Amino acid sequence: MTAQRVTITYSAPPAFLATDHWKQVYAALLSQLPLRNLHWKSATRPNIRTIQELDVNLVSAEAKQTEHTSQIPQTVLEKPLLSAYIVVCDDTETYRNTVKKQIKEWHSTVTQRKNMEWLIIHIVRPDAIATSGRMFQMKASVLDKIKADFNVEKRDRCVELVWAYDSDYENPTAWADLIGKLKDGILCAFDAAVAQREEEVKRSEGQRQMPGWNFCTFFILKESLANSYEGMNLYEDALDTYNELEILFFQVLREKNLSWFGTLINPAPKDDSLPLLSHSKKPYRDLILANTISVFDFRTYLLARQCSILGYLGHVVEIARKAVAFLSAFGRRLRDIEEILPTHFIESWTYSSALSVVEQCDAWATGLEMNKATIASFNAVKGELVELARHQLDIIGISVGHLPNRPPFSMAFPSNSRRDGGTPATSSTQRISKSEILMALEDKNAFYKVYIGITNRAIELYATAGRRKFALKMHGDLAALDVHRGRLSEALQTFTSLPAHYAPHGWTSLESYMLFQALGIHTAAEKPRDREWIFILLDFLKAYVQDLGKELLMNTEDHIEYVTSLVQALHEATQEAESDLSHHDHPAISVSVPNGQARTADNRDGALLEVQVTNALPCDVPADEVIINLTGRDGAKLTFLENSATPGIYSLHSSQVRMSRLSLHWLHSSTPPPSSSSASRSKKPPTLVSIPRDIRALDVRLRQPRRMELGTPARIVVAFNTGRNHVTRASVKLSAPSGVEFRHNEATLIDSDNDALEAGEDTFVLSDVEADKTVYVSVPHSDASAFHAMRVNITVEYTTLVEPDVNRSLTLVRVVLTSLPLAINVEDFFRGTRLFTRFTLSSTSHQHIRLKSTELRATRDDDGLKIAKAMPRSRTVTTITPEQPGKFLFQLDSARGQDREPLKLHIIYRVLREEVESVIESAVDSSLSESVSLQQYRAELIDTLVQALEKDASWVNRYEATGELIVPGIPVQDGEVGEALAHLIETLANPSSNQEPSGEWREIIIPVDVPQMHIVAAARLRVLSNPFNPDAVESLPPLFAGQPISALLTIKASFHWAPAEDVEKRSYRMRYDIEERTKDWLVSGQKTGEFIAEDDRTFTTSVTLIALHHGHLILPKVSVAALPIPGEGRMKAPLIPSCETYQAHGAEAILVLPRGGRSTFVVNMGGE
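Residues numbered from 1 in each chain as written. Predicted model: local features only at pLDDT ≥ 70, side-chain atom pairs only at ≥ 80, totals over all residues. Heavy atoms only, no water.

K.L.:
Please explain the packing of aromatic side chains as it appears in this structure.
P.N.:
Think of a pair of aromatic rings as described by two things: how far the centres are apart, and how the planes are tilted against each other in angle. Throughout the structure, instances matching the rule amount to 36 aromatic pairs. Centre to centre, the rings of F16 and W22 are 5.9 Å apart; their planes meet at 55°, and the pair counts as tilted. Residue classification places F16 among the buried positions, given a relative accessible area of 11%. Through successive ring pairs, a cluster of aromatic residues spans W213, F215, F218, F219, F249, F250, Y284, F298 and Y301. Between R910 and the ring centre of W1001, over which it is positioned, the NZ or CZ distance is 3.8 Å. Over the face of the ring belonging to Y1068 we find K1065, whose NZ or CZ atom lies 5.7 Å from the ring centre. (Phe/Tyr/Trp six-rings, centres within 6.5 Å; stacked < 30°, edge-to-face > 60°. Buried < 20%, exposed > 50% of the residue type's maximum accessible area, 1.4 Å probe, protein only. Lys NZ or Arg CZ within 6 Å of the ring centre and 35° of its normal.)

K.L.:
Hey, could you run me through the pattern of salt bridges in this one?
P.N.:
Any two side chains of opposite charge can pair, given that their charged atoms come close. Enumeration according to the criterion identifies 53 salt bridges in this entry. In this structure, the salt-bridge partner of R724 is D605, at a minimum N-O distance of 2.8 Å. Of this pair, R724 sits in the loop between β20 (715-721) and β21 (727-735) while D605 sits in the loop between β10 (599-600) and β11 (607-608); the two residues are 119 residues apart in sequence, bridging distant segments of the chain. Residue D605 is classed as buried on the basis of its relative accessible area of 3%. One salt-bridge network, held together by shared partners, links R45, R49, E198 and D237. (Salt bridge = Lys/Arg side-chain N within 4 Å of Asp/Glu carboxyl O. Helix = DSSP H or I, 4+ residues; strand = E, 2+ residues; numbered from the N terminus.)

K.L.:
What exactly am I supposed to notice about unusual backbone geometry here?
P.N.:
Glycine aside, a negative phi is what most residues show, and trans is what most peptide bonds show. Note that the residue after L33, namely P34, is joined by a cis bond; omega there is 0°. Position of P34 among the secondary structure elements: in the loop between α2 (20-31) and β2 (35-40). Of note, the phi angle at N115 is positive, near 55°, even though the residue is not glycine. Examined against the element boundaries, N115 turns out to sit in the loop between α4 (92-110) and β6 (117-124). Among the residues examined, N115 registers a relative accessible area of 26% and is labelled partly exposed. Even without glycine at this site, K270 takes up a positive phi of about 70°. As for its position among the elements, K270 is in the loop between α9 (235-254) and α10 (284-289). Exposure remark for K270: the relative accessible area of 51% places this residue in the exposed category.

K.L.:
Help me out: how do you make sense of the sheet that holds strand β24 (residues 764-769) in this one?
P.N.:
The strands that make up a sheet are held in pairs by hydrogen bonds between backbone atoms, and each pair lies either parallel or antiparallel. Taken in spatial order, the five strands make up an open sheet running β23-β24-β21-β26-β27, and their pairing is antiparallel. Where the open sheet ends on each side, the last strands, each with one partner, are β23 (756-759) and β27 (808-817). Adjacent strand axes in the sheet meet at a mean angle of 20° when their direction is disregarded. Inspection of the sheet shows β21 paired to strand β26 (residues 789-800) by eight bridges, in the antiparallel sense. Bridging across to β26, S731 finds its partner in E797. (Pairing = 2+ DSSP bridges. Axes fitted to C-alpha atoms, helices over the stretch in contact; angles between N-to-C directions.)

K.L.:
Whenever I open this one, the environment of K684 confuses me. Can you help?
P.N.:
Note on placement: K684 falls in the loop between α22 (678-681) and β17 (688-691). Separated by 15 residues in sequence, K684 and S669 have C-alpha atoms that sit 8.7 Å apart.

K.L.:
Even after reading the chapter, I still don't get the environment of N233, so can you show me in this structure?
P.N.:
With respect to the secondary-structure elements, N233 resides in the loop between α8 (215-231) and α9. Residues N233 and Y312 lie 79 residues apart in sequence; the distance between their C-alpha atoms is 8.9 Å. A polar contact is formed between the side chain of N233 and the side chain of Y235, at a distance of 3.1 Å. (Polar contact = N/O pair within 3.5 Å; in protein donor to acceptor, adjacent residues only side chain to side chain.)

K.L.:
Even after reading the chapter, I still don't get the sheet that holds strand β43 (residues 1111-1114), so can you show me in this structure?
P.N.:
Ordered in space as β37-β46-β43, the three strands form an open sheet in which the pairing is mixed. Edge positions in the open sheet fall to β37 (1039-1040) and β43, since each of these has one partner strand only. Sheet topology note: the β43/strand β46 (residues 1149-1153) ladder contains four bridges and is antiparallel. Along β46, the bridge assignment pairs I1114 with A1149.

K.L.:
Could you clarify how one ought to interpret helix α13 (residues 345-365) in this entry?
P.N.:
Helical geometry note: an α-helix holds 3.6 residues per turn, so side chains three or four residues apart project in the same direction. Under the 1.5 Å per step criterion, the end-to-end length of α13 is 30 Å for 21 residues, consistent within 8% with the ideal 30 Å. The buried fraction of α13 is high, at 16 of 21 residues. Count one or two residues on from α13 and you reach G367, which has phi positive near 90°. (Expected span 1.5 Å × (residues − 1).)

K.L.:
For this particular structure, what's the right way to read the pairing of strand β9 (residues 589-592)?
P.N.:
One face of the sheet, then the other: side chains in a regular strand alternate in exactly this way. Only one face of β9 is buried: it carries I589 and V591, and the other face, with S590 and S592, is open. Here β9 runs beside strand β12 (residues 612-615); their pairing, made up of four bridges, is antiparallel. Bridging from a neighbouring strand, V591 pairs with V613 of β12.

K.L.:
Any chance you could explain the nonpolar core here in plain terms?
P.N.:
The nonpolar side chains of a soluble globular protein tend to be buried, and buried together. One finds F190, F215 and M232 to be the most contacted residues of the largest nonpolar core, which totals 130 residues. Considering every element that reaches this core, the biggest residue donor is helix α7 (residues 172-206), with eleven residues. Those residues in contact with F190, other than ones at most four positions away along the chain, are W40, V76, L77, L81, S228, Y229, M232 and L234. (Core = buried A, V, L, I, M, F, W, Y, C linked by side-chain atoms within 4.5 Å. Contact = heavy atoms within 4.5 Å.)

Structure (structure tokens):
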């Protein structure tokens, strides 16, 4: 059924219609069609409907009158919506005598017709407009007279068209008024016609419960509205109308009032093979009017009309979805009457219809612009249609014996159909007409060809749509077909590869089924249980424990027995494996730590941790060992398997269960895979494990060397403490993540000659070290000055005398300072042949530094350098804090020499913490020397006291001042240990007054270069008592403000500290400048000048000073600078000698008195 288009009729005098003029006007008018941008505002609808484009038929009124009009409501567009009359008249007299009568006859005819508008079009020539446009014209035009005669209402139905033979068809301004009138007339007539038809539909629907009401008659009536909307390109309104009719049909269906229909289905020839969405393949409207249409045909017609309109709208995805839903639902309905249908009619009809919908949708989609998401949805729903067609092949194949009656083929049977696999009996004598199905029924190879082709087509569509799960499922169906056809190698390859695609998405049901098939095929093919078989089995067990529908996936009666046999076979296969196998995160077994508190072993190194192993399989799983891996701070790692344990707080990192040569691994600290549920994907808190400290276990610590000298290779000291163990052999390896390299082959023992040390490339080995002994090893390393502290990973592998067969390993992370604990600042002051050097020492951290001594020493005794230290002898130990640095002054007096070797500053110090720990250890050893039973608590007592001091620093100031160590915050304890602790606290609080704290001192040796200076100038400004005798030593007379004061400026130069290469230089040109202190002094004379400086010679000049006010005044300072020395040779830059000036009069002040005097004032007291 083709949509009815809008019709406009035209009338005019026959003589004009026969002219070429009209033919030209008619052609130009057709060129303006179709009409565009019509806006329909209906009183029954809240929103304005916009018609983008409207096709219009322009026919003569006489031709339209000869057409036959059906009495059956088709559409409101069957009759013309607008009638136009063409007037060509420029003379008012002609109009009054002839034309007016013609228009009147036409007007009386068209106004009697309902729901039709009329329009009078006056065509005039452009020159006629110019002639009639004279100024002060009183005579009305022809158009004015037409409007006056026929526009009886407020609406203007007359329009003028200015037209000539050479007019431009494309000029929009010439047609604007006419086109606007045409749009208004069409919309007005359409609105009135639709309102009348809607009223008829409403009146008929209101009579639904009355006797005699007929659904089919009502359907035809309301469908005329849909056809009308479709003819006006109002596709949304047309679709809504069909949707309302569908809803009403379902209401009638629920009421089981189908007296207006024939049977459910009356199969006609080719019903199973004709296109589903064709609404012209049968006379559906005639069948509806005759009340003989079947439900099958009615549903098909209604779906076809809905999809046709959706096709105009470009909603191809919705079309395909409606088709899938219709075929699935109506196919199940037809199953109830399958016995009266032709054999395989349902399958053939569903197969043909699904594929025809795909083809029709592709045709409608041609030229559509769809985004990426819409294209994916379109391909996905087409894939569903093709898969639906493939399911019909499954049913046909099982019924004729081409396919076995088992999954996945049997899953295509609907729930209400028989599943025995036989061909159902039927009373119909008809046959299906689909050629592909007929050929597939007779020829098995043809069936397989069609089956594989349609399956590959579905796979391609699903893959293009991004629905990997469905595409992979179809691949599994092809693999199952290969199994049925005896192609086991191809099937095994497919079933083995598919689970890897399912697992990341959590499709456990499909994964389990595919793996189950792979195991069965592997056994049927008699392949060896090799590495590939082991991993297939592990993946199957993984899917088995994750799938809740196991009963639907396996054809075994006893799941427990089946799984038990698989696990036993797995154990046997792992024992015979040629190499180690590894599998990660298998859900069949889980390892957890229920109690995060480990405990120490009683008499050996290590810790004991309770571990819970859960088996999700319905049978026992043999296991050889369980391993737990922990991670701690700074990347420390710990493995629970005959191992030593480093104390601290760890998190559960991974676990491992070994079965012969198979290792099952679980990573506990990583993020769950994306395929897991939303609850499991949320970040879980880590499982914490606390490893207690075993004070009797082997331990390794690092520290800086006792004696460090800058400029020599850096070294680190390893303190190896055996604890309770008599170590027969220990291999120690040091490594630094920062890239610092340790030279193990140069390791040496410190203060020990009895222990054996073997130095290797990557490790050093200690042998036969007794229990409770600490061995110190010095290991050189590469430069680490760029780091403040160095993180060192220590790996120790050792055996003990008690357990020689147990190889223990210990992994530790230590941080050792590489920078100096002291910061040193040097200041030099030249005074002739002497040099004063001041060292300022400050702590680089929060630690307090205890200084025993600082000495500045010459490298050679014959250097002619005398060094004296300025420091009170009463103080033996100086404490340096971050807030209180220490300053140390040295005087250097040297004889002249060309070579001066660098000096060395020796600093003997120790950190306050080390000193206090040494004091505590000494006190504990002294206290426990008399009690053998308390010796085992030595480490515990020391740790208790040290931890108490770490928590509270209130003891520091008192200890530094008096040496009394007041330990705070230790509660009173009972027993022998408590008494010993109380005695220790009392002993530490009352030390011997004349005893220096015990413990070793550290030494830092820092090279110090002797500074060099070309010129040392001593400037002096001396006030003269007698300006005529500068050498007089008389006392100064009183000096008054404003009084000229004679002064002598002397500058003595010394080249004593000049560099060796400039010793031969005898003189330098220099410039002096007396400071301008304008608030205190005026300087008269040569304030700035140049002179020649020679070694140990004095330059003298006189100046005059004038004090500007009285008081103790500081004399002006004198600055002295060397002038550049011209460079020698070509392009040599001038050199400026270094020079330092000190003010010899810098500490002197001059007393200036106020000037005395008398002033006389005459005051007028009045009078004449």
